[in-house]
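This is what each chain is made of:
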Amino acid sequence: FAAQRHVLTYMEDAVSQLLENREDISQYGIARFFTEYFNSVRQGTHILFREFSFVQATPHNRASFLRTFWRCFRTVGKNGGKYSSIYCYLLTAQEYHCLLQLLCPDFPMELTQKAARIVLMDDAMDCLMSFSDFLFAFQIQFYYSEFLESVAAIYQDLLAGKNPNTVIVPTSSSGQHRQRQPANDCNPLEGVEASLFYQCLESLCDRSKYSCPPSALVKEMLSSEQRMTFYGFLMALAKDQGINRALGALPDKGDLFLDPAMDQELEKLVAQVSGLSVSGPASSSGDIANMPVRNSPRINSPWKPLHHRRKMDAESEGSNEETDSSEN
């Protein structure tokens, strides 16, 4: 159970955070820190502003990141609250990558480009994409990244006419996979035989230690096709709602822009802001300027992402140097 749930990964991260922020944590106790840390893991907020190596470390982290990305930016997909392709905002791969970096500053552009390529196929990478198209393609590329690396290798081997029983499956999670040209006597646009392709994928799913889509759903997807191209297969994965439900990170496409819990929180926040802006009788700008400023108490987070602390330290050192130079 501990290995399946990656408990050791979270324990190691918690201890690392504890040691890195021990001065702040000592103010309210270690027990409270561990309680809040594992509550955040359960809620899926533990991946916010963390380094990419941690975000992709476990299937739960990946699903949490997908869910957080959807909840934070689902309004990008609609205009004026209307759900229709006519009203959708369209963004480029670079713009979607900027959104991803708001949640994970070192998120690699390569993954964003791979997700965009599922949507755009051979089109230029600066073409516009709807939020829903990009999101479901990104889900497949991000959550099943190691599986897709192996699928790419198998597909190229089949194009080259190799025996599927001797296909070498890459096991590295580094994001690097073999780049091979298709055989000259086989047009890659025609794809490979779907039944043979599935046999190889079934064997891959049985052997792989990484996350794979359910074999039954993959079989159902390929059984209706005579031949299948690689990007056709990826697009089919992205559009399959059964695979989306099995993964469990995102709602169905029809409910993609619905999040009652988040909407309720936003309405409360807007109401609070509106209430603060209403200050009774109209006051002159001079009166407002002379009003005392009340500093709200600052509540320290149980831990801070490591790169944020280093950035803060660097900024404070820079400000000290400027102060010293001004004094001289």
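Shown above is the structure to which this text applies.
Per-chain numbering applies: the sequence of each chain, read as written, is numbered from 1 onward. The predicted nature of this model means local features are confined to residues of pLDDT at least 70 and side-chain atom pairs, given and counted, to a pLDDT of 80 or more, with totals for whole chains, interfaces and linings taken over all residues. Neither water nor hydrogens contribute to the side-chain values; these are computed over all heavy atoms in the structure.

**Considering the packing of helix H11 (residues 215-223) against helix H12 (residues 230-239)**
So, point 1. Packing of H11 against H12 leaves a shortest axis separation of 11 Å and a crossing angle of 120 degrees. Judged by the inter-axis angle, H11 sits oblique to H12. In terms of crossing hand, the pair formed by H11 and H12 is right-handed. Counted together, Val218, Met221 and Leu222 of H11 and Phe233, Ala236 and Leu237 of H12 form the full contact between these two elements.
So, point 2. Lys, Arg, Asp and Glu make up the charged group, whereas Ala, Val, Leu, Ile, Met, Phe, Trp, Tyr, Cys and Pro make up the nonpolar group; the residues left over, Gly among them, are polar. Grouping the constituent residues of the contact of H11 with H12 by class yields six nonpolar, no polar and no charged. Simply put, an axis is a line fit to the C-alpha atoms, just over the touching stretch for a helix, and the angle between two N-to-C directions goes from 0 to 180 degrees. Every helix listed is a DSSP run of H or I at least four residues long, and every strand listed is a run of E at least two residues long, numbered separately from the N terminus. Oblique is the label for any angle not covered by the other classes, which are roughly parallel (under 35 degrees), roughly antiparallel (over 145) and roughly perpendicular (65 to 115). A crossing counts as left-handed when the near helix is turned anticlockwise from the far one by less than a right angle, and as right-handed when that turn is clockwise. We call two residues in contact whenever any of their non-hydrogen atoms come within 4.5 Å of each other.

**Observations concerning a nonpolar patch on the surface**
So, point 1. A cluster of nonpolar side chains, Val7, Leu8, Met11, Val15 and Leu19, forms an exposed patch at the surface whose accessible area comes to about 410 Å².
So, point 2. Looking at where Leu8 falls in the secondary structure, it is placed in helix H1 (residues 7-20). Like-charged residues are merged into a patch within 9 Å and nonpolar side chains (Val, Leu, Ile, Met, Phe, Trp, Tyr) within 5 Å, provided each residue has over 30% relative accessible area and no salt bridge. Using a 1.4 Å probe, accessible areas were evaluated by the Shrake-Rupley method; residue-level cover was limited to the displayed protein chains. Any carboxyl oxygen of Asp or Glu within 4 Å of a side-chain nitrogen of Lys or Arg constitutes a salt bridge here.

**Notes on the pattern of salt bridges**
So, point 1. In total, this model carries eight salt bridges according to the counting rule given.
So, point 2. Its salt-bridge partner being Glu36, residue Arg32 comes within 2.8 Å of it at the nearest N-O pair. On the criterion of helical spacing, the pair formed by Arg32 and Glu36 is a turn pair, its members being four residues apart in helix H3 (residues 30-43).
So, point 3. Per-residue accessibility, obtained with a 1.4 Å probe over protein chains only, is compared with the maximum for each type, and a residue is labelled buried under 20%, exposed over 50%, and partly exposed between these values. Glu36 sits in the partly exposed class, given a relative accessible area of 26%.
So, point 4. The salt bridge partner of Glu146 is Arg62, with a shortest N-O separation of 2.8 Å. One end of the pair, Glu146, is in helix H9 (residues 145-159); the other, Arg62, is in helix H5 (residues 59-73), and 84 residues separate them in sequence. As far as the burial class goes, Glu146 and Arg62 line up, both buried.
So, point 5. What you see here is one network of salt bridges that share partners, running through Asp13, Arg50 and Glu51.

**Remarks on the side chain of Ser40**
So, point 1. With respect to the element layout, Ser40 can be found in helix H3.
So, point 2. According to the relative accessible area criterion, Ser40 is buried, its value standing at 8%.
So, point 3. We call two N or O atoms a polar contact when they sit within 3.5 Å, provided that within protein one can donate a hydrogen and the other can accept it, with sequence-adjacent residues counted only if both atoms are side-chain atoms. Here Tyr37 takes part through its backbone oxygen, which lies 2.5 Å from a polar atom of the side chain of Ser40.

**Here's the deal with H5**
So, point 1. Taking 1.5 Å per residue as the helical rise, H5 with its 15 residues ought to reach 21 Å, and the 21 Å between its terminal C-alpha atoms agrees with that figure.
So, point 2. Residues of H5 that are buried include every one of Asn61, Arg62, Ala63, Ser64, Phe65, Leu66, Thr68, Phe69, Trp70 and Phe73, and no others. What a helix is expected to span follows from its residue count: subtract one and scale by 1.5 Å.

**Digging into the packing of aromatic side chains**
So, point 1. Two rings from Phe, Tyr or Trp (for Trp, the six-membered ring) form a pair when their centres sit within 6.5 Å of each other. Planes less than 30 degrees apart are called stacked, planes more than 60 degrees apart edge-to-face, and all others tilted. Per the counting criterion, the structure on display carries 22 aromatic pairs.
So, point 2. Ring geometry for Phe65 and Phe142: centres 5.6 Å apart, planes at 55 degrees, overall tilted. Placement of Phe65 in helix H5 and of Phe142 in helix H8 (residues 131-143) is noted, with a sequence separation of 77 residues between them. Summarising the burial analysis for this pair, Phe65 and Phe142 share the class buried.
So, point 3. With centroids separated by 5.2 Å and ring planes inclined at 70 degrees, the aromatic side chains of Phe230 and Tyr231 adopt a geometry described as edge-to-face.
So, point 4. Classification of Tyr231 as partly exposed rests on a relative accessible area of 28%.
So, point 5. One aromatic cluster is present, built from ring pairs that chain together Phe52, Phe65, Phe69, Phe73, Tyr96, Phe107, Phe131, Phe134, Phe138, Phe142 and Phe257.
So, point 6. In this arrangement the basic side chain of Arg50 is found over the ring face of Phe54, its NZ or CZ atom lying 4.1 Å from the centre.
So, point 7. Here the guanidinium or amino end of Arg62 rests over the ring plane of Phe142, the centre of that ring lying 5.9 Å away. A ring is considered to have a charge above it if a Lys NZ or an Arg CZ atom is located within 6 Å of its centre and within 35 degrees of its normal.

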